[in-house]
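Understanding the architecture of this molecule
Okay, here's what each chain looks like letter by letter:
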Amino acid sequence: MSLLSRFFSKSPSDLLLKGDKHLEAACFFEARTCYEDGLQLCSGNDSGDELRPVFLDRIKGANDKLAERNFSEAEYAHSCGDDTKAVDHLELAKTLTNDPVLREKADTLLHRLLQTGDEQPAHVASSSCGSCAGSSCSEPVDSGHVDHALPLGEYYELLIQQLPSDQYHRYAELGEAFAYAYVAASRDDHTAALHGIESCAGTLPQDIYLYEKGKILHRLGNDREAEQLLRNTVQLNRSHSLAWIALAYLLRESNRIEECLSVVEVMITEQILPEQALLLRADIYEVTGDHERAVNLYVELLQTPFVRAAAERLYVILMEVGRESDAAAIFKKYLNKSCH
């Protein structure tokens, strides 16, 4: 436990800094966890009186962000026809925030859903939406005609906020036609998305066009052309982080381990999404049986915004190699929390 124990001793200021990094990365649950842990450490700490109100304010801010996310996920679940999940998200959003605007929005939609719930047949899908973050609906959604409560521009803005900051600013300027295609892709309506992207070919920056088309072709199962488009993207724009990580994952999914590792090493060397690249490198160590290097790298990643993913994989490996006490410590510190 010597390697792990040094990560478990934190001061309130350390946890504040770590929480702020999570908040900047839009990892709101992880940020709130850091702030709550920091608040607990304030008692008996010299800086406790000074930092206590800071932690309380940060916890409120993280909860508000979580409430906003749950409201957006409720909108998406409703658009998929899953009003039960939408109601769950709205009720959770209300427990997370005292912001009057957010609560009023949640109450309004909740009232509408509960009022119409008895009037409409239950939605039964052969393949339901497993996650509002990325699973497909049972049927493709026509993003140009679906009656979202959020206007297209606002919904598109919510989607692109998840992008790295350098890409976010570029995507924010791409216009309505591209936004329709992007939203269609987020709904897994890939045929409509591909048509929309191709219709924008003359108006988009070439690297974005190549990347977005490659991403859609990958989802449609055309990996050969998708790979070529992603490689063309990084040749055209060496710093296109999204294309690099998409290429790495395409190669990993195809079990082309050595080629994937070559891409990952370039990303790490050139500081292109380095933490995501390190997570993928750790995964490669794991699948090739190098458990010691995988464990060491996952431990390093516990101090990054990818702490949850690293902790989950670390726990599994430690259990597999018989290090139950280390696995229990990881579970207690990082995984034994309710996920709002």
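In this report, the structure presented in the accompanying data block is examined. The model shown is predicted, which means the values in this text are computed figures rather than measured ones.

1. Topic: the side chain of R281
Its place among the elements puts R281 in helix α15 (residues 274–287). Its relative accessible area of 17% is what places R281 among the buried residues. Not counting residues within four places of it along the chain, the set of residues in contact with R281 comprises L261, V264, E265, I268 and L297.

2. As for the nonpolar core
Of all hydrophobic cores here, the largest spans 73 residues; its most connected members are Y156, Y171, F178, M267 and Y298. Considering every element that reaches this core, the biggest residue donor is helix α13 (residues 241–253), with eight residues. A74, L90, A106 and L109 belong to the second-largest nonpolar core, a separate cluster that totals 10 residues.

3. Overview of the environment of D189
Within the element layout of this structure, D189 appears in the loop between α9 (176–186) and α10 (190–199). D189 gets classed as buried once you look at its relative accessible area, which sits at 11%. It is 9.9 Å that separates the C-alpha atoms of D189 and L220, two residues lying 31 residues apart in sequence.

4. Observations regarding the packing of helix α16 (residues 291–301) against helix α17 (residues 307–320)
In contact at an axis separation of 9 Å, α16 and α17 are set at 150° when each is read in the N-to-C sense. One finds that α16 runs roughly antiparallel with respect to α17. Read as a crossing pair, α16 and α17 show a hand that is left-handed. Between α16, through H291, A294, V295, Y298, V299 and L301, and α17, the contact on the second element is made entirely by V307, A310, R313, L314, I317, L318 and E320. Per-class residue counts for the contact of α16 with α17 are 10 nonpolar, one polar and two charged.

5. Details of the pattern of salt bridges
In the structure shown here, the tally under the stated rule is 19 salt bridges. Among the ionic pairs, E259 bridges to R256, the shortest N-O distance being 2.8 Å. When the shortest N-O distance is used, the salt bridge between R313 and E286 registers 2.0 Å. Taken together, the residues span a long stretch of sequence, with R313 in helix α17 and E286 in helix α15 at a distance of 27 residues. In this structure R313 comes out as partly exposed when scored by relative accessible area, which is 31%.

6. Things to note about the packing of aromatic side chains
For the structure on display, the rule yields seven aromatic pairs. Between Y156 and F178, the ring centres sit 6.2 Å apart and the planes meet at 85°, which makes this aromatic pair edge-to-face. With Y156 in helix α7 (residues 152–160) and F178 in helix α9, the pair connects residues that are 22 residues apart, well separated along the chain. As far as the burial class goes, Y156 and F178 line up, both buried. Judged by centre distance (5.8 Å) and plane angle (70°), the ring pair of Y171 and Y182 falls under edge-to-face. One end of the pair, Y171, is in helix α8 (residues 165–171); the other, Y182, is in helix α9, and 11 residues separate them in sequence.

Quick notes on the rules
Residues numbered from 1 in each chain as written. Predicted model: local features only at pLDDT ≥ 70, side-chain atom pairs only at ≥ 80, totals over all residues. Heavy atoms only, no water. Helix = DSSP H or I, 4+ residues; strand = E, 2+ residues; numbered from the N terminus. Buried < 20%, exposed > 50% of the residue type's maximum accessible area, 1.4 Å probe, protein only. Contact = heavy atoms within 4.5 Å. Core = buried A, V, L, I, M, F, W, Y, C linked by side-chain atoms within 4.5 Å. Axes fitted to C-alpha atoms, helices over the stretch in contact; angles between N-to-C directions. Parallel < 35°, antiparallel > 145°, perpendicular 65-115°, else oblique. Left-handed = near helix turned anticlockwise from the far one by under 90°. Nonpolar A, V, L, I, M, F, W, Y, C, P; charged D, E, K, R; others polar. Salt bridge = Lys/Arg side-chain N within 4 Å of Asp/Glu carboxyl O. Phe/Tyr/Trp six-rings, centres within 6.5 Å; stacked < 30°, edge-to-face > 60°.

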